[in-house]
Each structure stands twice: as structure tokens, then as C-alpha cells.
Amino acid sequence: MPEASLPDRALIQVSGADAEHFLHNLVTTDIAALPQGEAWPGALLTPQGKILFDFLVWRDGDSFVLDTSIGQREALVKRLLMYRLRAAVEISPAEPTGVIVGWGEDAGRDLGGTGVVDHRFAVAGIRVTRKPGGAGAGSSQGYDALRVLSGIAESGSDYALQDAFPHDVLFDLAGGVSFRKGCYVGQEVVSRMQHRGTARRRLVLVTAETALPATGAEILAGGKPIGTLGTVAGNRGLAIVRIDRAGEAIAAGTAIRADETELSLQLPGWSGLAFPSSAAEEG
């Protein structure tokens, strides 16, 4: 079973009698429906609906664990404490830092109470497990390559915080956003995008005949920018692009390039999405 150490991840413990209610009314995930043993994606949004913090969240008995980047942890704890008011909730960093991920059919079969299944990959048909701890496993390169193949974006590598909507990174299709529960920060904007079908930027899989340019390279269709390369693994990568413009280019046979490298773009098969080929098709 392949494993990778992710030392740049950190955990936050949210506990107390009001923990579930507190998180459910604040973040994008349907916390009340969160099953035991699974880590679901989630975000705390700006009032404008963009991702301010992102994380995975899972149940730990009667408490909850947020798995976020180590660079976000301190600010996320402070923001959660700001919203706590008089709720019976305790919010604190958890130790150790770092997460170990494993993947494959036999990944984490003996997890017991220490690990969880990553729901994002489960949606893509791949078993990936996560457990606390940052030592004793392989490098993160194999995990990044798996993310690229699966169409799983992460902030920092694939998008900047406060610059992406949940729809941009497929949270709406991977369990990261609830459209049935009540209000939470930024909910009105995200719901409007969902019901009006106005999401124009989406995560795509990028391939080329040769090695891709570095992360951050601008993607052009007919000389016009449509997105930016995110995580790169050899000749494969991820990018968030304007799918309306990409669809028009694909339909017209217009080359899509990054630093003169010709690219092929695909939407992740598990997403069920397709490139619109005209303004009329976008609706």
C-alpha cells in the first residue's frame, strides 16, 4: 500500500456540546449528515462566497477534527473563536502536526479509530485514507500525482484563498457544499451560482505530449488567457480554467497552450460535467 507523509498539514479539534451545531451553521459542509469514519471537504467562506479557509472535516467521537494546511491553522482557529460567542464549544490546535495518507484497495483497512477515508477521492472511485502523524511515510510526490489523476485540487498548489468559489474547485460535486441546510457565511452567493448555473471556472485535467511548464504558467486559448496551471506531475497537471472559453476553443479546434506547450484539457470523469461549446449551450 503506497503511503505519503504530508508534514504541511495541521489539525484543529472542535469539541463541546454545541460543536456540531456551531460548525453546521458556519461552514459549507453538511456537518449534521457527516458520517463516522469519513473526511469530507469544507470551507469557511467570505461574505462574497469565496473560500477564505479550506479543510477536511471528520467526526472524532462527539468532537470534530479539521485537517487544514499548517499555514492556515492559526488564523482559522482565531476566526472560529471569533464566531463562537457564547456557544459551548472548545477550539484548539491538535497534535501532532502532519498527516499520513495511504491509497489503494487495501489502504487503511486497519485504521481503527485513528484514521478516516477521504471522501473526495471516494467520489472519484479511489480509496484514500488519512491519519494524524507526519513521519515514517514516503514523500508527497506520489500523493500529488494521485491528486492530478483524480482531479482533486488543494489551495496553495491549485488556487489562492480568497480567489476561488467552491464551484471552481468542484466542492459542489465532492460533498464540500450543502445546498439543503440553512444559512452559513457566503451561502447566498454560492446558492445563487448553483441555481442559476453561473459557475464558469472549473477544475480541469491537463495533459501534454511533453513535460508541462511549471505551476503558475498562464493557459491561453487563441492567445487569450483562460486559466493558470496548478499542480504539475510530469506531463499531467491540474488547472482552474474558464470552461466556456475552453469549450469554444475545443469546438473550434483552436490550440490551447501554456508557455508554447500545447495542452489537452478534460473535465474529471467523476464530475459529470462537459465543456459548453457556445454561449447558448451555457444557458
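For the structure, check the block above.
Structural notes, computed from the coordinates. (Residues numbered from 1 in each chain as written. Predicted model: local features only at pLDDT ≥ 70, side-chain atom pairs only at ≥ 80, totals over all residues. Heavy atoms only, no water.)

## Regarding the pattern of salt bridges
What counts is decided by this rule: One side-chain nitrogen of Lys or Arg within 4 Å of one carboxyl oxygen of Asp or Glu is enough to make a salt bridge. Put simply, DSSP marks the helices as runs of H or I at least four residues long and the strands as runs of E at least two long, and each gets a number from the N terminus on. Buried means the residue's accessible area, taken with a 1.4 Å probe over protein chains only, is under 20% of the maximum for its type, while exposed means over 50%, and partly exposed covers the values in between.
Considering all chains together, one arrives at 16 salt bridges under this definition. In this structure, Asp67 and Arg9 form a salt bridge, with 2.9 Å as the shortest nitrogen-oxygen distance. Remark: Arg9 occurs in strand S2 (residues 9-15) and Asp67 occurs in strand S5 (residues 63-69); sequence separation between them is 58 residues. Arg9 shares its class with Asp67; the two are buried. Arg120 is the partner of Glu154 in a salt bridge, and the nearest nitrogen-oxygen pair spans 3.5 Å.

## Structural notes on the side chain of Ser69
What counts here: We call two residues in contact whenever any of their non-hydrogen atoms come within 4.5 Å of each other.
Inspection of the secondary structure puts Ser69 in strand S5. When neighbours within four sequence positions are excluded, Ser69 is seen to be in contact with Asp8, Arg9 and Ala10.

## A short note on empty space enclosed by the protein
To find leftover empty space, one rolls a probe the size of a water molecule over the atoms. We count it as follows: Points on a 1 Å grid over protein atoms alone make up a cavity when a 1.4 Å probe fits among them but cannot get out, and a pocket when they form an open set with protein on both sides within 12 Å along at least five of seven lines; lining residues each have an atom within 4 Å of a point. Grid points are joined across faces, edges and corners, and a volume is the space filled by probe spheres set on the points. Any residue outside Ala, Val, Leu, Ile, Met, Phe, Trp, Tyr, Cys, Pro, Asp, Glu, Lys and Arg is labelled polar, Gly included; the first ten of those are nonpolar and the last four are charged.
Applying the stated criterion to the full structure yields two cavities of 30 Å³ or more. Volume-wise, the largest cavity comes out at about 100 Å³. For the largest cavity, the full set of lining residues is Arg9, Pro41, Asp54, Phe55, Leu56, Arg120, Arg130, Ala153, Glu154, Ser155, Tyr159 and Phe171. Looking at the lining of the largest cavity element by element, the count peaks at three residues for strand S4 (residues 51-60). Space inside the second largest cavity adds up to approximately 60 Å³. Forming the walls of the second largest cavity are Arg120, Gly151, Ile152, Ala153, Val169, Leu170, Phe171, Ala174 and Trp270. Looking at side-chain class alone, the lining of the second largest cavity contains seven nonpolar, one polar and one charged residues.

## Describing the sheet that holds strand S13 (residues 236-242)
Cut-off, in case you're wondering: By the convention used here, strands pair only if DSSP detects at least 2 bridges between them. Throughout, an axis means a line fitted to C-alpha atoms (over the contacting stretch in the case of helices), and angles, computed between N-to-C directions, take values from 0 to 180 degrees.
Taken in spatial order, the seven strands of this open sheet run S15-S14-S11-S12-S13-S10-S16, and their pairing is antiparallel. The two strands at the open ends of the sheet, each matched to only one other strand, are strand S15 (261-262) and strand S16 (264-266). Relative to S16, strand S10 (residues 201-207) runs antiparallel, the two being bridged by three bridges. Within S16, the position partnered with Leu205 by the bridge is Gln266. On the sheet, helix H6 (residues 243-252) packs against S10, strand S11 (218-221), strand S12 (224-233), S13, strand S14 (256-258) and S16 and is oriented at approximately 105° with respect to S13.

## Here's the deal with unusual backbone geometry
The residue after Glu95, namely Pro96, is reached through a cis peptide bond having omega 0°. Tracing the sequence through the fold places Pro96 in the loop between strand S6 (90-94) and strand S7 (99-103). One non-glycine residue with positive phi stands out, namely Gln162, at about 70°. Positionally, Gln162 belongs in the loop between helix H4 (141-150) and helix H5 (187-196). At Leu170, a position not held by glycine, the phi torsion is positive, near 65°. Turning to its location among the elements, Leu170 is positioned in the loop between H4 and H5.

## Some points on the pairing of S12
On a regular strand, each side chain points to the face opposite its neighbour's, so the side chains alternate between the two faces of the sheet. Note: S11 against S12, four bridges, orientation antiparallel. If you follow Leu220 over to S12, its bridge partner there is Pro225. Relative to S13, S12 is paired through five bridges, and the arrangement is antiparallel. Opposite Gly227, over in S13, you have Val241 as the bridge partner. Linking S12 back to S13 in an antiparallel pair, the connection comprises two residues, with Gly234 at a positive phi of about 70°.

## With respect to H5
Looking only at H5, the buried set comprises Gln187, Val189, Val190, Ser191 and Met193. In this structure, the buried residues of H5 make contact with strand S3 (38-45). Note on H5: the residue one or two positions beyond its end, Gly197, has a positive phi of about 65°.

## Quick look at helix H2 (residues 70-84)
Given 3.6 residues to a turn, an α-helix orients residues that are three or four positions apart in the same direction. Our working rule: Working rule for helices: expected span equals 1.5 Å times residues minus one.
With 15 residues, H2 ought to run about 21 Å at 1.5 Å a step, and its terminal C-alpha atoms sit 22 Å apart, in line with that. Turning to H2, its buried residues are Gln72, Arg73, Leu76, Val77 and Leu80. At its buried positions, H2 is contacted by S2, helix H1 (19-24), S3, S4, S5 and S6. The positive-phi residue at the C-terminal boundary of H2 is Leu85, with phi of around 50°.

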